[in-house]
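# Descriptive structure summary
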Amino acid sequence: MPELQPTVAVLTALPLEYKAVQARLRDVRKREHPRGTRAAVGQLPGTPWAVALVEMGEGNLTAAALTERVMTWLEPQAVLFVGVAGSLKSDIGLGDVVVATKVYGIHGGKETPEGFLVRPEAWLASHRLTSAAREALRDDPHAHLKPIAAGDVVLAAPRSALAEHLRKHYNDAAAIEMEGSGVVSAVHLAGGDALVIRGISDRADTGKSRADGEGWQPRAAENAAAAAVAVLRELRPFGGRGRVGGSDREGEDSEEGPHRGATGASYGGDHLDFRGSTFNGPFIAKRVDRER
């Protein structure tokens, strides 16, 4: 029988983000999906969590597709997307961490003769995960629980049309990045819990290349990873399961079939299987003998 542990998936876009999380795991082993997606699964010390770490690459479309795969393959109780972002606010500095209370998809709209009419998309973060984040990061002055903006573009010009678009239509967004809306939309459709945690590596302005050259990306990635660990130390398993150590066959249900007792023998005779069911009252049944 496979070992069952509560699992959280931690997703990243860049190698340096992946390495910042991987360095905090122990007893790491590799998993491979039948379609080739790789995950490193390890224990997060001091917590009950097994962490399934996946580097997805850049962009919201890729993030959405691979997040859906992770949800059906590894069945995590929660998904954290951890990485770097650009700050959109003067009071959120390099190295700070933004935990997204809301993720905006910033490119929806309609172009008309009167101008571009915005059709906003937004996904609220999981209340369960934001509550854990508030508790874990309350005393950290460099951690901010704020909305973020996600789009398939790198912003490096504070006086550009995109920057003005964000100021006008997404004024409460504290940071901008490129994968968050793909992750949270996929988790939302799967009925799961997601949280985006971003370290600030630049100010989304003409100084981006200089900030990258000064090493702010790895520092921001480290800070985001540390914040994610703090959240997971606060978070407790809350239902479902992650199938760590089981088969890699997509969609396999390891509990399908007759239930087996501690000795390994299956129960004999007729039985009704209620695993995964919920009842709000007594269950009544009638046995009818039929010729066999």
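So, here's what we can say about the structure. (Residues numbered from 1 in each chain as written. Predicted model: local features only at pLDDT ≥ 70, side-chain atom pairs only at ≥ 80, totals over all residues. Heavy atoms only, no water.)

Here Arg69 is to be found in helix α2 (residues 60-74). By relative accessible area, which is 21% here, Arg69 ends up partly exposed. Residues Arg69 and Ala186 lie 117 residues apart in sequence; the distance between their C-alpha atoms is 9.4 Å. Not counting residues within four places of it along the chain, the set of residues in contact with Arg69 comprises His33, Arg35 and Thr37. (Helix = DSSP H or I, 4+ residues; strand = E, 2+ residues; numbered from the N terminus. Buried < 20%, exposed > 50% of the residue type's maximum accessible area, 1.4 Å probe, protein only. Contact = heavy atoms within 4.5 Å.)

Tallied over the full model, the rule gives 10 salt bridges. Here Arg24 makes a salt bridge to Glu222, at a shortest N to O gap of 3.1 Å. Remark: Glu222 occurs in helix α7 (residues 216-234) and Arg24 occurs in the loop between α1 (15-22) and β2 (26-32); sequence separation between them is 198 residues. Owing to a relative accessible area of 25%, Arg24 belongs among the partly exposed residues under this scheme. (Salt bridge = Lys/Arg side-chain N within 4 Å of Asp/Glu carboxyl O.)

Quick look at the side chain of Arg198 now. Secondary-structure assignment places Arg198 in strand β12 (residues 194-202). Arg198 sits in the buried class, given a relative accessible area of 1%.

Okay, the packing of α1 against α7 next. Helix packing geometry: the angle between the two helix axes and the distance between the axes. The interhelical angle for the contact between α1 and α7, taken along N-to-C directions, is 40°, at an axis separation of 9 Å. Considering their axes alone, α1 and α7 lie oblique with respect to each other. In the packing of α1 onto α7, the handedness of the crossing is right-handed. Residue-level inspection shows Leu16, Glu17, Ala20 and Val21 of α1 in contact with α7, the latter providing Gln217, Pro218, Ala221, Glu222 and Ala225. In the contact of α1 with α7, the residues fall into 6 nonpolar, 1 polar and 2 charged. (Axes fitted to C-alpha atoms, helices over the stretch in contact; angles between N-to-C directions. Parallel < 35°, antiparallel > 145°, perpendicular 65-115°, else oblique. Left-handed = near helix turned anticlockwise from the far one by under 90°. Nonpolar A, V, L, I, M, F, W, Y, C, P; charged D, E, K, R; others polar.)

What characterises a pair of aromatic rings is the spacing of the ring centres plus the angle enclosed by the ring planes. Considering all chains together, one arrives at 1 aromatic pair under this definition. Taking the ring centre of Phe238 as reference, the NZ or CZ of Arg128 above it sits at 4.0 Å. The lysine or arginine in question, Arg219, covers the ring of Trp216, its NZ or CZ lying 3.9 Å from the ring centre. (Phe/Tyr/Trp six-rings, centres within 6.5 Å; stacked < 30°, edge-to-face > 60°. Lys NZ or Arg CZ within 6 Å of the ring centre and 35° of its normal.)

On to the nonpolar core. Formed by 70 residues in total, the largest nonpolar core has its most connected members in Leu11, Leu80, Leu195 and Ile197. Take this core: its biggest share by element is 9 residues, from α7. Membership of the second largest hydrophobic core comes to 11 residues, among which are Ala163, Leu166, Ala173 and Ile176. (Core = buried A, V, L, I, M, F, W, Y, C linked by side-chain atoms within 4.5 Å.)

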